[in-house]
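Each chain, letter by letter, is given below.
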Amino acid sequence: KAGVTQTPRYLIKTRGQQVTLSCSPISGHRSVSWYQQTPGQGLQFLFEYFSETQRNKGNFPGRFSGRQFSNSRSEMNVSTLELGDSALYLCASSRGPNQPQHFGDGTRLSIL
Amino acid sequence: GQSLEQPSEVTAVEGAIVQINCTYQTSGFYGLSWYQQHDGGAPTFLSYNALDGLEETGRFSSFLSRSDSYGYLLLQELQMKDSASYFCAAANQAGTALIFGKGTTLSVSS
């Protein structure tokens, strides 16, 4: 059974650009959550989607947005990139309420 | 503010038992999750406590006391491969981790 797949694995962008990251959850999983991980701030929750609806949102500026498609695949978009957006972006999926979350290997985003 | 506090580092030897504590101060708390992350890897789910008490999964156990806003992860029969970072996280009612502790780096030596 394939795990959570995130693409791309690595990305280099410059300040002011925008970026779209993709996450394909495990087959049958309808909940997808996104996290940012940095050495300074640790793991921080971005948003959670379930059945194409954003269910929860973390404390990030509006430059960070996401969506989920009918096949449960999800994308997150960051506009007007800043140096501080350099991080590992992780996606996690779960089958439903109170089910374990399974993380992908993440997308490492570097902003120059 | 909302926060979860856990020790930054713990060291132990193979075969030993180690306990990683986590105290929390959050609103809308529904449960406590634990994750393991090896260097360069993705976090791996270990356990989730929605109710007070002990949950056991093989060598790992997790405990939650809501009245004390406290939980812990207990690792028994430590192995070298257990060397990793361990995170506690406050979860919402769907079990989704919303707020993470800074992580505890466990170093297991022979």
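Residues numbered from 1 in each chain as written. Chains lettered and ligands numbered in written order. Predicted model: local features only at pLDDT ≥ 70, side-chain atom pairs only at ≥ 80, totals over all residues. Heavy atoms only, no water.

Outline the environment of B:G71, supporting the account with residue identities and numerical values.
Residues and elements named next belong to chain B. Within the secondary structure, G71 sits in strand β8 (residues 70-75). A residue is classified by how much of its surface remains accessible, and G71, at 0% relative accessible area, is buried. Spatially, the C-alpha atoms of G71 and D39 are 24 Å apart, while their sequence positions differ by 32 residues. Filtering out sequence-adjacent residues up to four positions away, G71 remains in contact with I20, N21, C22, L32, W34, F63 and L64. (Helix = DSSP H or I, 4+ residues; strand = E, 2+ residues; numbered from the N terminus. Buried < 20%, exposed > 50% of the residue type's maximum accessible area, 1.4 Å probe, protein only. Contact = heavy atoms within 4.5 Å.)

Can you lay out the state of the cysteines for me, pointing to particular residues and giving the numbers?
Note: disulfide means a covalent bond formed between the sulfur atoms of two cysteine side chains. All chains considered together, the criterion is met by two disulfides over all chains. Covalent S-S linkage joins A:C23 and A:C91, the inter-sulfur distance amounting to 1.8 Å. The disulfide joining A:C23 to A:C91 has a torsion of about -60° about its S-S bond and is therefore left-handed. Pair noted here: A:C23 is in strand β3 (residues 19-24) and A:C91 is in strand β9 (residues 87-94), with a separation of 68 residues, a long-range link. Judged by relative accessible area, A:C23 falls into the buried class, the value being 0%. Looking at A:C91, the relative accessible area reads 0%, which means it is buried. Each sulfur of the disulfide joining B:C22 and B:C88 lies 2.1 Å from the other. Between B:C22 and B:C88, the disulfide has an S-S torsion of 75° and is therefore right-handed. (Disulfide = S-S within 2.5 Å.)

Would you mind going over the pattern of salt bridges in detail, with residue names and values included?
Residues and elements named next belong to chain A. All chains considered together, the criterion is met by seven salt bridges over all chains. One salt bridge connects D85 with R63, and the closest N-O pair in it is separated by 2.8 Å. Here D85, found in the loop between β8 (74-78) and β9, pairs with R63, found in the loop between β6 (53-57) and β7 (64-68); they are 22 residues apart in sequence, far enough to count as distant. One exposure class covers both D85 and R63, and it is buried. (Salt bridge = Lys/Arg side-chain N within 4 Å of Asp/Glu carboxyl O.)

Any functional reading would require information that these geometric values do not contain.
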